[in-house]
Amino acid sequence: MSAKNPFRLILLAPLLVATLLLGGCNPKAPPPPVEVSKSGTEFEPPVKVEQIPKQAWYCDMGTVHYARHEKGDGKCTLCGMDLTQAPQ
Ligand SMILES: [Zn+2]
C-alpha cells in the first residue's frame, strides 16, 4: 500500500514544475502601460506600441521611442517622423 504514494509523486512532480514555469512566464501577458507626459516622453529603451496610452500620439518605428498627449506639429521631436495616434 505504501509503495503507491512515492510513485504518484514522481508522476505529479514534472506536471507541477511545468505549471509553475508556464504561470511565471506567460507570453500572452500584456506588457505594462507606460506614462506619457503632455509635452512628450522619450523612451530609452523603446517600448511597444501596446504600452502607449489610448489616444496618445507616438512615433511608430515598430517600437516607440517618443510619445506625447498632444499632436502639436505631428512630427516626432527625435527623428522627425509623422506621429501616429493610438486607437481609443
Ligand atoms: Zn521618432
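Residues numbered from 1 in each chain as written. Predicted model: local features only at pLDDT ≥ 70, side-chain atom pairs only at ≥ 80, totals over all residues.

**Q** Hey, could you run me through unusual backbone geometry in this one?
**A** The phi angle of most residues is negative, glycine excepted, and most peptide bonds adopt the trans form. Look at the link from Glu44 to Pro45: it is a cis peptide, with omega at 5 degrees. Relative to the elements of secondary structure, Pro45 occurs in strand S1 (residues 41-47). (Helix = DSSP H or I, 4+ residues; strand = E, 2+ residues; numbered from the N terminus.)

**Q** So what exactly am I meant to see when it comes to the nonpolar core here?
**A** Side chains that are nonpolar tend, in soluble globular proteins, to be buried together. Listed in full, the 12 residues of the largest apolar core are Val36, Val47, Ile52, Ala56, Trp57, Tyr58, Cys59, Val64, Tyr66, Ala67, Cys76 and Leu83. With residues near it in sequence (within four places) discarded, Trp57 still touches Ala67, Arg68, Glu70, Lys71, Leu83 and Gln85. (Core = buried A, V, L, I, M, F, W, Y, C linked by C-beta atoms within 7 Å. Buried ≥ 20, exposed ≤ 12 C-beta atoms within 10 Å, placed from the backbone. Contact = placed C-beta atoms within 7 Å.)

**Q** What exactly am I supposed to notice about the sheet that holds strand S4 (residues 83-85) here?
**A** Strand-to-strand pairing in sheets goes through backbone hydrogen bonds, with the strands running parallel or antiparallel. The strand order across the open sheet formed by four strands is S1-S3-S2-S4, and the pairing between neighbours is antiparallel. Both outer strands of the open sheet, S1 and S4, are each paired with one neighbouring strand and no more. Between one strand axis and the next, the sheet turns by 30 degrees as a mean value, whatever way the strands run. Sheet topology note: the strand S2 (residues 57-61)/strand S3 (residues 63-68) ladder contains four bridges and is antiparallel. Its bridge partner being in S3, Met61 is matched across the sheet by Thr63. (Pairing = 2+ DSSP bridges. Axes fitted to C-alpha atoms, helices over the stretch in contact; angles between N-to-C directions.)

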